[in-house]
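Residue-level listing of the chains:
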Amino acid sequence: MRLDKYLKVSRIIKRRTVANEACDAGRVVVNGKAARASYDVKQGDIIEIAFGERTVKVQVLTVAEVIKKEDADSLYKIVD
């Protein structure tokens, strides 16, 4: 699954266009490397997203095309 779509489906970022813009701006890093929106997300990847002053670091647990809003946080685990 594309990185921008994963960020939207997992609801880490609410809209796919915003996720795409974050990737283009270089604010998204996967496994220590800047990632493009077309990056293919795999289980076990570590994604870091810079939200202004704050950085969120998550580990991909599962990749699912469709998931309920309530279960979206089961796709990833927040890592320190």
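Keep in mind it's a predicted model, so treat the numbers as computed, not measured.

Rules behind the numbers
Residues numbered from 1 in each chain as written. Predicted model: local features only at pLDDT ≥ 70, side-chain atom pairs only at ≥ 80, totals over all residues. Heavy atoms only, no water. Helix = DSSP H or I, 4+ residues; strand = E, 2+ residues; numbered from the N terminus. Rg over C-alpha atoms; globule rule 2.2 N^0.38 Å. Buried < 20%, exposed > 50% of the residue type's maximum accessible area, 1.4 Å probe, protein only. Lys, Arg positive; Asp, Glu negative; His and termini not counted. Charge placed at Lys NZ, Arg CZ, Asp CG, Glu CD. Contact = heavy atoms within 4.5 Å. Pairing = 2+ DSSP bridges. Core = buried A, V, L, I, M, F, W, Y, C linked by side-chain atoms within 4.5 Å.

K.L.:
Before we move on, could you go through the overall build of the protein and cite the residues and values that matter?
P.N.:
Of the regular secondary structure elements, the protein holds two helices and five strands. Shown N-terminal to C-terminal, the secondary structure of the protein runs as helices and strands in the order α-α-β-β-β-β-β. Scaling as 2.2 N^0.38, a compact globule of 80 residues should have a C-alpha radius of gyration of about 12 Å, and the protein matches this with 11 Å. With the C-alpha coordinates aligned to their principal axes, the bounding extent of the protein is approximately 30 × 25 × 20 Å. Burial statistics for the protein: of 80 residues in total, 34% are counted as buried. Of the side-chain charges in the protein, 16 are positive and 12 negative, and the distance between the mean point of each set is 3 Å.

K.L.:
Kindly report on the environment of Gly52, identifying the contributing residues and their values.
P.N.:
Along the polypeptide, Gly52 turns up in the loop between β3 (46-51) and β4 (54-60). Among the residues examined, Gly52 registers a relative accessible area of 72% and is labelled exposed. Sequence spacing of Gly52 and Asn20 is 32 residues, and the spatial spacing of their C-alpha atoms is 16 Å.

K.L.:
Go over the environment of Lys57, please, and point to the residues and values.
P.N.:
Its place among the elements puts Lys57 in strand β4. Overall, the relative accessible area of 28% leaves Lys57 in the partly exposed class. When the C-alpha atoms of Lys57 and Ala25 are compared, they prove to be 17 Å apart, with 32 residues separating the residues in sequence. With residues up to four places along the chain from it excluded, the contact list for Lys57 reads Ile46, Ile47, Glu48, Lys77, Ile78, Val79 and Asp80.

K.L.:
Quick rundown of the pairing of β4? Include the residues and the values.
P.N.:
Two elements, β3 and β4, share six bridges in a ladder whose sense is antiparallel. Across the sheet, the residue bridging to Ile49 is Val56, located in β4. Hairpin connection of β3 to β4: two residues between the antiparallel strands, including Gly52 at a positive phi of 65 degrees. Here three bridges tie β4 to strand β5 (residues 76-78), and the two strands are oriented antiparallel to one another. Bridging from a neighbouring strand, Val60 pairs with Tyr76 of β5.

K.L.:
Tell me what's going on with the nonpolar core, and back it up with residues and numbers.
P.N.:
If you look at the biggest cluster of nonpolar residues, it comprises 23 residues, and the most contacted ones within it are Leu3, Tyr6, Leu7, Val28 and Ile47. Every element with two or more residues in this core is listed here: α1 (3-9), α2 (16-24), β1 (28-30), β3 and β4. Of all the elements, α1 adds the most residues to this core, at four residues.

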